[in-house]
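# Results of the structural survey
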Amino acid sequence: MNHDDTVKQSFRKQAEKFAAYHMSKAEYTDYLIQKIGAKGNEHALEVAAGTCICGRALAPFVKDITCLDLTEEMLAQGKTLAEESRIKNISFNTGNAMELPYEAENFDLVITRLSFHHFMNPQKPFHEMQRVLKKGGKLIVWDMEAAEEPLRAIDDKIETMRDPSHTRILSREEFEEMFANDFTLQCEETTLVPVNLVNWMELTATPEEVQKEIINLMKADLSGGSKTGFSPYMRDGQIMFDHRWLLLIGIKN
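Residues numbered from 1 in each chain as written. Predicted model: local features only at pLDDT ≥ 70, side-chain atom pairs only at ≥ 80, totals over all residues. Heavy atoms only, no water.

Here we come to the overall build of the protein chain. If you tally the helices and strands in the protein chain, you get nine helices and eight strands. What you see for the protein chain is a C-alpha radius of gyration of 18 Å, in line with the 18 Å of a compact globule of 253 residues. Projecting the C-alpha coordinates of the protein chain onto the three principal axes gives extents of approximately 55 × 40 × 35 Å. Buried positions account for 52% of the 253 residues belonging to the protein chain. For the protein chain, the proportion of contacts with a sequence separation of at least 24, taken over those separated by at least 6, is 74%. A total of about 11800 Å² of accessible surface is found on the protein chain, and carbon and sulfur atoms cover 48% of it. The distance from the centre of the 29 positive side-chain charges to the centre of the 40 negative ones in the protein chain is 3 Å. (Helix = DSSP H or I, 4+ residues; strand = E, 2+ residues; numbered from the N terminus. Rg over C-alpha atoms; globule rule 2.2 N^0.38 Å. Buried < 20%, exposed > 50% of the residue type's maximum accessible area, 1.4 Å probe, protein only. Contact = heavy atoms within 4.5 Å. Areas by Shrake-Rupley, 256 points an atom, 1.4 Å probe, with all protein chains shown as cover. Lys, Arg positive; Asp, Glu negative; His and termini not counted. Charge placed at Lys NZ, Arg CZ, Asp CG, Glu CD.)

Turning our attention to the confidence of the model for the protein chain. When pLDDT is averaged across the protein chain, the result is 91; 90% of the residues are at 70 or more. The element-level mean pLDDT for the protein chain is lowest in helix H1 (residues 3–18), coming to 56, with strand S1 (residues 43–47) highest at 98. (pLDDT = per-residue confidence, 0-100.)

Running from N to C, helix H6 (residues 152–162) and helix H9 (residues 208–222) cross one another at 155 degrees; their axes reach a closest spacing of 10 Å. Judged on the interaxial angle alone, H9 and H6 are roughly antiparallel. Note on packing geometry: the crossing formed by H6 with H9 is left-handed. Counting all contacts with H6, which are made through Ile-158, Met-161 and Arg-162, the residues of H9 involved are Val-210, Glu-213, Ile-214, Leu-217 and Met-218. When its residues are assigned to classes, the contact of H6 with H9 shows six nonpolar, no polar and two charged. (Axes fitted to C-alpha atoms, helices over the stretch in contact; angles between N-to-C directions. Parallel < 35°, antiparallel > 145°, perpendicular 65-115°, else oblique. Left-handed = near helix turned anticlockwise from the far one by under 90°. Nonpolar A, V, L, I, M, F, W, Y, C, P; charged D, E, K, R; others polar.)

With that out of the way, let us pick up unusual backbone geometry. Leaving glycine out, the prevailing phi sign among residues is negative, and the prevailing peptide bond configuration is trans. With a phi close to 65 degrees, Cys-52 is a non-glycine residue in the positive phi region. Locating Cys-52 in the fold gives a position in the loop between S1 and helix H3 (53–58). Look at Cys-52 and you get buried, because its relative accessible area is 0%. With a phi angle near 50 degrees, Ser-231 is a residue other than glycine that sits in the positive phi range. Structurally, Ser-231 is set in the loop between H9 and strand S7 (233–235). Ser-231 gets classed as exposed once you look at its relative accessible area, which sits at 54%.

Leu-32, Leu-58, Ile-65 and Ile-140 are the most contacted members of the largest nonpolar core, which totals 30 residues. Residue assignment for this core shows that the elements contributing at least two residues are helix H2 (26–36), H3, strand S2 (64–69), helix H4 (72–84), strand S4 (107–113), strand S5 (133–144), strand S6 (183–196) and strand S8 (238–252). Every residue in contact with Leu-58, bar those within four places of it in the chain, is listed here: Ile-33, Ile-36, Ala-38, Ala-44, Ile-65 and Leu-109. Leu-100, Tyr-102, Phe-175 and Met-178 belong to the second largest nonpolar core, which has 23 residues in total. (Core = buried A, V, L, I, M, F, W, Y, C linked by side-chain atoms within 4.5 Å.)

Side-chain direction in a regular strand flips from residue to residue, so the side chains alternate between the two faces of the sheet. Within S8, twelve of the 15 residues are buried, which leaves it mostly tucked inside the rest of the structure. As paired elements, S5 and S8 share seven bridges and run antiparallel to each other. Bridge pairing in S8 links Ile-140 to Ile-249. Two strands pair when backbone bridges link them, and S6 and S8 are joined in this way by 13 bridges, in the antiparallel orientation. (Pairing = 2+ DSSP bridges.)

The next thing to look at is the packing of aromatic side chains. Taken as a whole, this structure holds twelve aromatic pairs when the rule is applied. Ring centres 5.3 Å apart and planes at 80 degrees place the aromatic pair Phe-116 and Phe-119 in the edge-to-face group. Aromatic side chains Phe-230 and Phe-241 sit 4.9 Å apart centroid to centroid with 85 degrees between the ring planes, which places their arrangement in the edge-to-face category. Taken together, the positions of Phe-230 in the loop between H9 and S7 and Phe-241 in strand S8 put the pair eleven residues apart, joining distant regions of the chain. Across the pair, exposure class does not vary: Phe-230 and Phe-241 are buried alike. An aromatic cluster of three or more residues is present, and its members are Phe-116, Phe-119, Phe-126, Phe-175, Phe-179 and Phe-183. (Phe/Tyr/Trp six-rings, centres within 6.5 Å; stacked < 30°, edge-to-face > 60°.)

Laid out in structure tokens, this is it:
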């Protein structure tokens, strides 16, 4: 099985639950829309859109939005939710972020959320998003930020145990390097997003024995043993951790 097949297999499992998951709460998308500051006349694109959480939220503030994803089941769920919300200016395309099926300088806004840690070669989709973005347009990347260097390997290992489509979380410096040559960064900030460990694993239908292994790693970390990079803590008797979401908004030079 190649990596694209692994991604599709993973997100087929997540399609129905994904839009209701805690990381999709309106408080995060509302904040994102505020930071984007759309003027209402933009042609927008969401890449690796999943159920089009950002696209559906952004639709009332742009002229039109196209949502592209590799997994048809995720897009189908997004389309259903868009229809329920009576969103008319949205379209859905099945496609690969590695080779976007659009002409150069076609969009005023390009956005991607929680996608880069699923890419085998992150530079390729980044350059594709840059290619289809108009000069002066905005590229919005909202993704996880890597743990400090000594703990990155175990952090990524646990992420991959939970979801085999995970590849590697990029550091702030790696994201900055991709933006460096052709963009002017307008925004760069990190938000801590609380995550319930069990709910996080249930979303991806992580096998029970793997869930137990991850829970044991977290418990060891909590009791002063080997660190996981997740910095787990207890809340209401549940194991929690904070994902670090890095938001970057760049203006194409």
